[in-house]
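# Examination of the molecular architecture
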Amino acid sequence: MSLDSLEQAIEKLIRTIGHPFTIPFQDIEGIVAGVAYASGDAFGGKFVIHGVPAVGYIDSVILLDLDDEGINTELWLFDSDFTATADNVAFAISDADLKKLLWVIRLTNFADAANNQVAESNNLDLPYIAPEGLLYCQCVTRGVPNIAAANIPMISIRGRSQE
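Just so it is clear, the structure is predicted and the values come from calculations on it, not from any experiment. (Residues numbered from 1 in each chain as written. Predicted model: local features only at pLDDT ≥ 70, side-chain atom pairs only at ≥ 80, totals over all residues. Heavy atoms only, no water.)

### Some remarks on the packing of aromatic side chains
The description of two aromatic rings rests on the distance between their centres and on the angle between their planes. The line we're drawing: In summary, the pairing rule links any two rings of Phe, Tyr or Trp, Trp by its six-membered ring, whose centres are within 6.5 Å, and it sorts them by plane angle into stacked for under 30 degrees, edge-to-face for over 60 and tilted for everything else. Throughout, exposure labels follow a simple rule: accessible area from a 1.4 Å probe, protein chains only, divided by the maximum for the residue type, with under 20% read as buried, over 50% as exposed, and the rest as partly exposed. Our definition puts a charge over a ring when NZ of Lys or CZ of Arg is within 6 Å of the ring centre and also within 35 degrees of the ring normal.
Taken as a whole and judged by the stated rule, the model has three aromatic pairs. For the ring pair Y37 and F43, a centre distance of 5.1 Å and an interplane angle of 85° mean the geometry is edge-to-face. Since its relative accessible area comes to 3%, Y37 is described here as buried. Using a relative accessible area of 4% as the deciding quantity, one classes F43 as buried. Across the ring face of F82, the terminal group of K46 is positioned such that the distance to the ring centre comes to 5.4 Å.

Structural data, given as structure tokens:
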């Protein structure tokens, strides 16, 4: 093992030391039931994830697909408030808001449970800073879902605090 490889391994080990956290599942706010979305549409409105450590790493994101659609979804994470795209409209972010973007997390691998599905994006190791303990979010669909009223999708984040 080279010195560079060893240094990278040590750095990764140090990063993994931290306190794990889980943000409980919350609805993707603003999804209108019974409407047909197009690929590339905003999937719900802006929502805020509260209670994240001020400094940390996002390790995984889980999407509960209670409507059993199994459609690829992107979670756009911002470090501060932004002007959201209206639900069920082609997703468009201003240049100024794009500069607030932390990560785009793609939820594309679904496990089917007959009546619903779960998508996970794991082993992400995505650093973030959220001084107020808030992450600002909006989802984008990459398919054509049509969600029933009682089956609004939910998101959870798991990670490590570096505080």
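### Re the pattern of salt bridges
Pairing between side chains of opposite charge can happen when the charged atoms of each approach one another. Test applied: One side-chain nitrogen of Lys or Arg within 4 Å of one carboxyl oxygen of Asp or Glu is enough to make a salt bridge. The secondary structure listing takes helices from DSSP runs of H or I that are at least 4 residues long and strands from runs of E that are at least 2 residues long, numbered from the N terminus.
Counted according to the given criterion, the structure contains six salt bridges. Here R160 ties to D59 by a salt bridge, and the two come within 2.8 Å at their closest N and O atoms. In this pair, R160 is assigned in strand β10 (residues 154-161) and D59 in strand β3 (residues 55-65), connecting sequence segments 101 residues apart. Note on accessibility: R160 and D59 belong to one class, buried. Each of D59, D125 and R160 takes part in a single network of salt bridges with overlapping partners.

### Concerning the side chain of D41
Here is the rule we go by: We count Lys and Arg on the positive side and Asp and Glu on the negative side, and we leave His and both chain ends out. For the purposes of these results, a polar contact is taken to be a pair of N or O atoms within 3.5 Å, where, inside protein, one atom must be able to donate a hydrogen and its partner to accept one; residues adjacent in sequence count only when each atom of the pair is a side-chain atom. The criterion used for residue contact is that any of the two residues' heavy atoms lie within 4.5 Å.
Here D41 shows up in the loop between β1 (19-27) and β2 (47-50). In this structure D41 is buried but unpaired, with R142 as the nearest side chain of opposite charge at 8.3 Å. Among the polar contacts made by the side chain of D41, one reaches the main-chain amide nitrogen of A90 at a distance of 3.4 Å. Other than its neighbours up to four places away in sequence, D41 contacts N88, V89, A90, F91, C139, V140 and T141.

### Describing the sheet that holds β2
As a reminder, the rule being used: Following DSSP output, two strands are said to pair if at least two bridges run between them. For helices, the axis comes from a line fit to the C-alpha atoms of the stretch in contact; other axes are also lines fit to C-alpha atoms, and the angle between any two N-to-C directions lies between 0 and 180 degrees.
Judged by pairing direction, the sheet is antiparallel, and its four strands sit side by side in the order β2-β9-β4-β5 without closing on themselves. If you trace the sheet from one side to the other, it starts and ends with β2 and β5 (101-107), each paired once. On average, each strand axis in the sheet is inclined to that of its neighbour by 30°, with strand direction left out of account. Looking at chain direction, strand β4 (residues 73-78) and strand β9 (residues 134-141) are connected through six bridges and run antiparallel. In the sheet register, W76 faces β9, and the bridge partner there is Q138.

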